[in-house]
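Spelled out from the first residue to the last, the chains are:
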Amino acid sequence: MTEEDSPSLSRPQRRLLCRIYNGRTVPIIADGRPFLTYKDASQYLLSLDPDARNVAYTQMKGAAQ
């Protein structure tokens, strides 16, 4: 099993998600869905296949800046 096939998020991904969702009052939109908490965002990302996960993660990361 490679890291790309891993069902979990990488440590840098988890850390960034925690930072961008900490105390957020305005949701981040990714894949047309609003995410306000780290838990919601991470559960959604884990439900996706690795390619779609990377796309959604990039959208979240871009929307937070």
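You'll find the structure just up there.
To start, this report covers the structure provided alongside it. The model shown is predicted, which means the values in this text are computed figures rather than measured ones.

**Description of the packing of helix H1 (residues 11–21) against helix H2 (residues 38–47)**
- Across the interface, H1 lies against H2 with an axial gap of 9 Å and an inter-helix angle of 145 degrees. Read as a crossing pair, H1 and H2 show a hand that is right-handed. Facing H1, whose interface residues are Arg-14, Leu-17, Cys-18 and Tyr-21, H2 presents Tyr-38, Ala-41 and Leu-45.

**Brief notes about the packing of H2 against helix H3 (residues 50–64)**
- As a packed pair, H2 and H3 sit with axes 8 Å apart at the nearest point and diverge in direction by 155 degrees. Relative to H3, the element H2 lies roughly antiparallel. The hand of the H2/H3 crossing is right-handed. In this structure, H2 uses Ala-41, Tyr-44, Leu-45 and Leu-46 to contact H3, whose residues at the interface are Arg-53, Ala-56, Tyr-57 and Met-60.
- Tallied by class, the residues present in the contact of H2 with H3 amount to 7 nonpolar, no polar and 1 charged.

**A short note on H3**
- Counted at 1.5 Å a residue, the expected span for H3 with its 15 residues is 21 Å, and the 21 Å between its end C-alpha atoms agrees.
- Along H3, the residues classified as buried are Arg-53, Ala-56, Tyr-57 and Met-60. Within H3, the buried residues cover an arc of 105 degrees as seen down the axis, which keeps them to one side. Facing away from the buried surface of H3 by more than 90 degrees, the exposed residues are Asp-51 and Thr-58.
- Packing partners of the buried residues in H3 comprise H1, strand S1 (28–30), strand S2 (33–35) and H2.
- N-capping of H3 is provided by Asp-49, with a side-chain oxygen placed 3.1 Å from the backbone N of Asp-51.

Calculation rules
- Residues numbered from 1 in each chain as written.
- Predicted model: local features only at pLDDT ≥ 70, side-chain atom pairs only at ≥ 80, totals over all residues.
- Heavy atoms only, no water.
- Axes fitted to C-alpha atoms, helices over the stretch in contact; angles between N-to-C directions.
- Helix = DSSP H or I, 4+ residues; strand = E, 2+ residues; numbered from the N terminus.
- Left-handed = near helix turned anticlockwise from the far one by under 90°.
- Contact = heavy atoms within 4.5 Å.
- Parallel < 35°, antiparallel > 145°, perpendicular 65-115°, else oblique.
- Nonpolar A, V, L, I, M, F, W, Y, C, P; charged D, E, K, R; others polar.
- Expected span 1.5 Å × (residues − 1).
- Buried < 20%, exposed > 50% of the residue type's maximum accessible area, 1.4 Å probe, protein only.
- Arc of directions from axis to C-beta.
- Polar contact = N/O pair within 3.5 Å; in protein donor to acceptor, adjacent residues only side chain to side chain.

Everything listed is a geometric property; what it means functionally is a separate question.
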